[in-house]
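Secondary and tertiary structure notes
For reference, the chains in residue letters:
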Amino acid sequence: MRTFAAAPSVLIALDFDGCLAPFVPDPADARPLPEASEALRRLATADGVQLALVSGRPLEQLRDLAEPPARTWLVGSHGAETAELDADGTLQRVPFTLAGAEADLLAEVTSAVESIAALQPGTWVEHKPAAAVLHTRTAAEDVAERALRAAHDGPGHWPGVHAMRGNQVVELAVVDVTKGAALTALRERLGDVAVLYAGDDVTDETALATLGPGDLGIKVGHAETVAPFRVADEPAMARVLTDLASWRASHHHE
Ligand SMILES: O=P(O)(O)OC[C@H]1O[C@H](O[C@H]2O[C@H](CO)[C@@H](O)[C@H](O)[C@H]2O)[C@H](O)[C@@H](O)[C@@H]1O
């Protein structure tokens, strides 16, 4: 981490749920830990540091829940949407629209997933610009597993549909995106930067897999990973960001 902190120019790219924000039953209640938010505020004003949040959340939701510092890059919907946050909180979007056929497919997928949720008590459907997400955190374990399998093996296998298992969710997207491809595009846009990426979920593995020499990959939690480093949970991740903010500040003054 000290070597990374000493690089002239760094991109610190972070997953949201399960990395900055602890899991909660209602996704609308998720918030970053205060220590993580404070560290991001310090990092945002440090020389040579760029910040990015890379999330499965739609962009506006990510901005409203995470309240990131101005000039933070936001990647939403697992990479389908990208924007930079202005000083006044406006999203400067890299354009994204669904093609007509994708929009039709999304309507069909949404209706199929709604039918599954209607049969499995405690499950519900989240609607995103390019995906429908079946949530099962508030269902009994056997019901959750049945619902996830039905969505994954049913509409999840339709041509043009990309199924992603997440933490007690399955997301069916009508565009072929990954956090890894989005992180690579962001790195190309920013030029010569060392990249720190941290995340907890399977979807974060595509981003962690893009990292190379000079970068820093951190897995949050106990799941299998390609990342060389690991922290136990969200509070431990917040401490990493706090240390990084301090080291970055002291390195700058050396
Ligand atoms: O890429 P992320 O920032 O980690 O977002 C992934 C998904 O996060 C949300 O769902 C997860 O967090 C919820 C709130 O803690 C929890 O209730 C749910 O079980 C988790 O899977 C969000 O609702 C999804 O849209 C994101 O794709």
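Conventions adopted
Residues numbered from 1 in each chain as written. Predicted model: local features only at pLDDT ≥ 70, side-chain atom pairs only at ≥ 80, totals over all residues. Helix = DSSP H or I, 4+ residues; strand = E, 2+ residues; numbered from the N terminus. Rg over C-alpha atoms; globule rule 2.2 N^0.38 Å. Buried ≥ 20, exposed ≤ 12 C-beta atoms within 10 Å, placed from the backbone. Contact = placed C-beta atoms within 7 Å. Pairing = 2+ DSSP bridges. Axes fitted to C-alpha atoms, helices over the stretch in contact; angles between N-to-C directions. Right-handed = clockwise from strand over helix to strand, strands pointing away. Core = buried A, V, L, I, M, F, W, Y, C linked by C-beta atoms within 7 Å. Domains from an automatic or database assignment. Near = placed C-beta within 6 Å. Nonpolar A, V, L, I, M, F, W, Y, C, P; charged D, E, K, R; others polar. Expected span 1.5 Å × (residues − 1). Parallel < 35°, antiparallel > 145°, perpendicular 65-115°, else oblique. Left-handed = near helix turned anticlockwise from the far one by under 90°.

Here the focus is the overall build of the chain. Helix and strand counts for the chain come out as eight helices and twelve strands. For a compact globule of 254 residues, the expected C-alpha radius of gyration is about 18 Å, and the chain comes in at 18 Å, within 12% of that figure. Taken along its principal axes, the extent of the C-alpha atoms in the chain is 60 × 35 × 35 Å. Scored against the burial criterion, the 254 residues of the chain give a buried share of 46%. Contacts in the chain between residues at least 24 apart in sequence constitute 54% of all its contacts with a sequence separation of at least 6.

Attention shifts here to the environment of Pro 159. By the element assignment, Pro 159 lies in the loop between helix 5 (141-153) and strand 8 (162-166). Remark: the alpha-carbon pair of Pro 159 and Arg 248, spanning 89 residues in sequence, is separated by 47 Å.

Right, let's talk about the sheet that holds strand 1 (residues 10-14) for a bit. Across the sheet, eight strands lie side by side as 5-4-3-2-1-10-11-12; this open sheet has mixed pairing. Where the open sheet ends on each side, the last strands, each with one partner, are strand 5 (91-94) and strand 12 (229-231). Between one strand axis and the next, the sheet turns through 20 degrees on average, direction left out of account. By the bridge criterion, four bridges tie strand 3 (residues 73-76) to strand 4 (residues 81-85) in an arrangement that is antiparallel. Residue pairing in the sheet places Gly 76 in a bridge with Glu 81 of strand 4. Lying over the sheet, helix 6 (residues 179-190) contacts strand 1, strand 2 (49-54), strand 3, strand 4 and strand 10 (194-199), oriented at roughly 160 degrees with respect to strand 2.

Our next topic: the pairing of strand 10. As a general feature of sheets, a regular strand has side chains that alternate between the two faces. Of all six residues that make up strand 10, six are buried, and the element is covered over most of its length. In strand 10, alternate side chains face the same way, and those of Ala 194, Leu 196 and Ala 198 on one face and Val 195, Tyr 197 and Gly 199 on the other are all buried. Sheet analysis places strand 10 next to strand 11 (residues 216-220), joined by four bridges and oriented parallel. Note on strand 11: the bridge partner recorded for Tyr 197 is Gly 217. The parallel pair strand 10 and strand 11, bridged by helix 7 (residues 202-208), forms a crossover whose chirality is right-handed.

Across soluble globular proteins, nonpolar side chains show a tendency to be buried alongside one another. Formed by 76 residues in total, the largest nonpolar core has its most connected members in Ala 13 and Leu 134. Two domains each provide a minimum of three residues to this core, namely domain 1 (2-96 + 177-253) and domain 2 (100-173). Once residues within four sequence positions are removed from consideration, Ala 13 is found in contact with Ala 52, Val 54, Leu 183, Val 195, Leu 196 and Tyr 197.

Our focus in this paragraph is the sheet that holds strand 6 (residues 124-128). Sheet architecture is open: four strands sit in the order 6-7-9-8, paired in antiparallel fashion. Each edge of the open sheet is held by one strand with a lone partner, namely strand 6 and strand 8. Geometrically, the sheet is characterised by an average inter-axis angle of 20 degrees between neighbouring strands, direction not taken into account. Bridge count for strand 6 against strand 7 (residues 131-135) is five bridges, and the pairing is antiparallel.

As a matter of local geometry, the ligand sits amid 23 residues, with Phe 16, Asp 17, Pro 27, Ser 55 and Gly 56 nearest to it. Elements that contribute at least two residues to the shell around the ligand include exactly strand 7 and strand 9 (169-173). Of the residues that constitute the shell around the ligand, the class distribution is eight nonpolar, eight polar and seven charged. Residues lining the shell around the ligand come from more than one domain, with at least three contributed by each of domain 1 (2-96 + 177-253) and domain 2 (100-173).

Over its 13 residues, helix 5 runs 18 Å from end to end, which matches the ideal 18 Å to within 8%, given 1.5 Å per residue. Buried residues in helix 5 make contact with helix 4 (100-119), strand 7 and strand 9.

With domains assigned, the chain is organised as domain 1 (2-96 + 177-253) and domain 2 (100-173). If you look at the interface, domain 1 gives 14 residues, while domain 2 gives 13 residues. By residue class, the composition of the side of domain 1 that touches domain 2 is seven nonpolar, five polar and two charged.

The next point concerns the packing of helix 4 against helix 5. Put simply, helix 4 and helix 5 touch, their axes get as near as 10 Å, and they point 160 degrees apart. Compared by their axis directions, helix 4 and helix 5 come out roughly antiparallel. Along this stretch, helix 4 crosses helix 5, giving a crossing that reads as right-handed. For the pair helix 4 and helix 5, the contacting residues are Val 113, Ile 116 and Ala 117 in the first and Ala 147, Ala 150 and Ala 151 in the second. For the contact of helix 4 with helix 5, the per-class residue count stands at six nonpolar, no polar and no charged.

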